[in-house]
Amino acid sequence: MDVQVGTADVPAISVEWYRDIVEFADSSPPPVQWFAGHFTEAAILLLGVLFLLAAAPRLRRGGLRERSLALVTPGAVVLSYAVSEGLKTIFDEDRPCRHVVRIVAGQCPPAGDWSFPSNHSTIAGALAVATVLLSRRLGLIAAPLALLAAFSRVFIGVHYPHDVAAGLLLGALVTLAVTLLAARPVADLLARRAATPVRNPPPVAATSGISDRGHPDLPRSVSAPPAGQRARSRAAQVPRTRNGPNGR
């Protein structure tokens, strides 16, 4: 049967698994508890680094499809988180740590910070799928890391098992669906931008230069005529007079 927690019905099997995991965590050595308490945040950061390592080469030298995937997947991860936040306000499932005596986590999240689905698990699943889409090699590291990050949320006592399972599935499905739907239009847009011809610069107007003799109206490529030729030209322009005793 289901257990009423807050306004949501929690599967009884999830409650049993939660209690078993929390009891095991409470009996684990203190170093293990300390590591588990800090592992989730560190795992999310590491997943983000793996995603950046997978996306950067695709943006720099990848083809149209690879560049479109690298551009779309970050938005898909953010959308996954937004969907998980919206679902929290619908289901209003109280945190399981309010009903147990001891948990590994330092403290239980405050009232109103609902449990279903797990935001950390949603982000982990989304980043893992985004990394797999960009790099199968790095995805082999990201996928198990996301599973461990989700499990750590149950281990420290702040989520039920079904919370983290739903979060992983939500992040993976939303990221995959958004990427598959948006990658082709983005690739087409990149192709159109690449095919757009670059406009030719306006022609440069011819400028007049100054000749070697300082005449501003002469282009630089045209040299002034020799001095002798200029003298003969001026002499040809002077009218000749008739010589005679009376000036006739």
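Residues numbered from 1 in each chain as written. Predicted model: local features only at pLDDT ≥ 70, side-chain atom pairs only at ≥ 80, totals over all residues. Heavy atoms only, no water.

Undergrad: Please clarify how the packing of helix 3 (residues 64–91) against helix 4 (residues 119–134) should be interpreted in this entry.
TA: Pairs of packed helices are described in terms of their axes, by the angle between the two and the distance that separates them. Running from amino to carboxyl end, helix 3 crosses helix 4 at an angle of 165°, the nearest separation of the two axes being 9 Å. In this view, helix 3 runs roughly antiparallel relative to helix 4, as classed from their interaxial angle. The hand of the helix 3/helix 4 crossing is right-handed. Packed against helix 3, whose contacting residues are E66, L69, A70, T73, V77, S80, Y81, S84, E85 and K88, the element helix 4 presents N119, T122, I123, A126, L127, A130, L133 and L134 at the interface. Counted by class, the contact of helix 3 with helix 4 contains ten nonpolar, five polar and three charged residues. (Axes fitted to C-alpha atoms, helices over the stretch in contact; angles between N-to-C directions. Helix = DSSP H or I, 4+ residues; strand = E, 2+ residues; numbered from the N terminus. Parallel < 35°, antiparallel > 145°, perpendicular 65-115°, else oblique. Left-handed = near helix turned anticlockwise from the far one by under 90°. Contact = heavy atoms within 4.5 Å. Nonpolar A, V, L, I, M, F, W, Y, C, P; charged D, E, K, R; others polar.)

Undergrad: Looking at this model, I keep getting lost on the side chain of D92. Mind explaining?
TA: Inspection of the secondary structure assignment puts D92 in the loop between helix 3 and helix 4. Look at D92: it is buried, it has no salt bridge, and the nearest opposite charge is K88 at 9.6 Å. Here W114 takes part through its side chain, which lies 3.3 Å from a polar atom of the side chain of D92. (Buried < 20%, exposed > 50% of the residue type's maximum accessible area, 1.4 Å probe, protein only. Lys, Arg positive; Asp, Glu negative; His and termini not counted. Salt bridge = Lys/Arg side-chain N within 4 Å of Asp/Glu carboxyl O. Polar contact = N/O pair within 3.5 Å; in protein donor to acceptor, adjacent residues only side chain to side chain.)

Undergrad: I tried to follow the pattern of salt bridges on my own but got confused; where do I start?
TA: A side chain of one charge can pair with a side chain of the opposite charge when the charged atoms of the two come close. Applying the stated criterion to the full structure yields two salt bridges. For D94, the salt bridge identified is with R98, shortest N-O distance 3.1 Å. Judged by relative accessible area, which is 35%, R98 ranks as partly exposed. Taking the shortest distance from any N to any O, the salt bridge between D113 and R95 comes out at 3.0 Å. Of this pair, D113 sits in the loop between helix 3 and helix 4 while R95 sits in the loop between helix 3 and helix 4, and the two are 18 residues apart along the sequence. Given the relative accessible area of 4%, R95 is considered buried.

Undergrad: Just checking my understanding: could you explain the packing of helix 2 (residues 30–61) against helix 5 (residues 136–155) for this structure?
TA: Put simply, helix 2 and helix 5 touch, their axes get as near as 9 Å, and they point 150° apart. Taken together, the axes of helix 2 and helix 5 are roughly antiparallel relative to one another. By crossing handedness, the relation of helix 2 to helix 5 is classed as left-handed. When helix 2 is examined against helix 5, the residues V32, A36, F39, T40, A43, L46, L47, L50, L53 and A54 are found in contact with a partner set consisting of L138, I141, A142, L145, A146, L148, A149, S152, R153 and F155. Of the residues belonging to the contact of helix 2 with helix 5, the class tally is 17 nonpolar, two polar and one charged.

Undergrad: Quick question: what am I supposed to make of the state of the cysteines here?
TA: Covalent bonding between the sulfur atoms of two cysteines defines a disulfide. Counted according to the given criterion, the structure contains one disulfide. Between the sulfur of C97 and that of C108 lies a disulfide, 1.9 Å long from S to S. Since a negative S-S torsion denotes a left-handed disulfide, the C97-C108 link at about 60° is right-handed. Pair noted here: C97 is in the loop between helix 3 and helix 4 and C108 is in the loop between helix 3 and helix 4, with a separation of eleven residues, a long-range link. Exposure remark for C97: the relative accessible area of 7% places this residue in the buried category. (Disulfide = S-S within 2.5 Å.)

Undergrad: What's the story with the packing of aromatic side chains in this structure? I'm lost.
TA: In this description, an aromatic ring pair is defined by two values, namely the gap between the centres and the angle between the planes. Tallying each qualifying case throughout the model produces five aromatic pairs. When the ring of F35 is compared with that of F39, the centres are 5.4 Å apart and the planes differ by 35°; the resulting orientation is tilted. Taken as a pair, F35 and F39 lie in helix 2 at a separation of four residues, close to a single helical turn. Look at F91 and F116: their rings are 4.9 Å apart centre to centre, the planes differ by 80°, and that puts the pair in the edge-to-face class. Within this pair, whereas F91 is found in helix 3, its partner F116 is found in the loop between helix 3 and helix 4, the two being separated by 25 residues in sequence. In this structure F91 comes out as partly exposed when scored by relative accessible area, which is 37%. Residue class for F116 comes out buried when judged on its relative accessible area of 16%. Chaining the aromatic ring pairs together yields one cluster made of F24, F151 and F155. (Phe/Tyr/Trp six-rings, centres within 6.5 Å; stacked < 30°, edge-to-face > 60°.)

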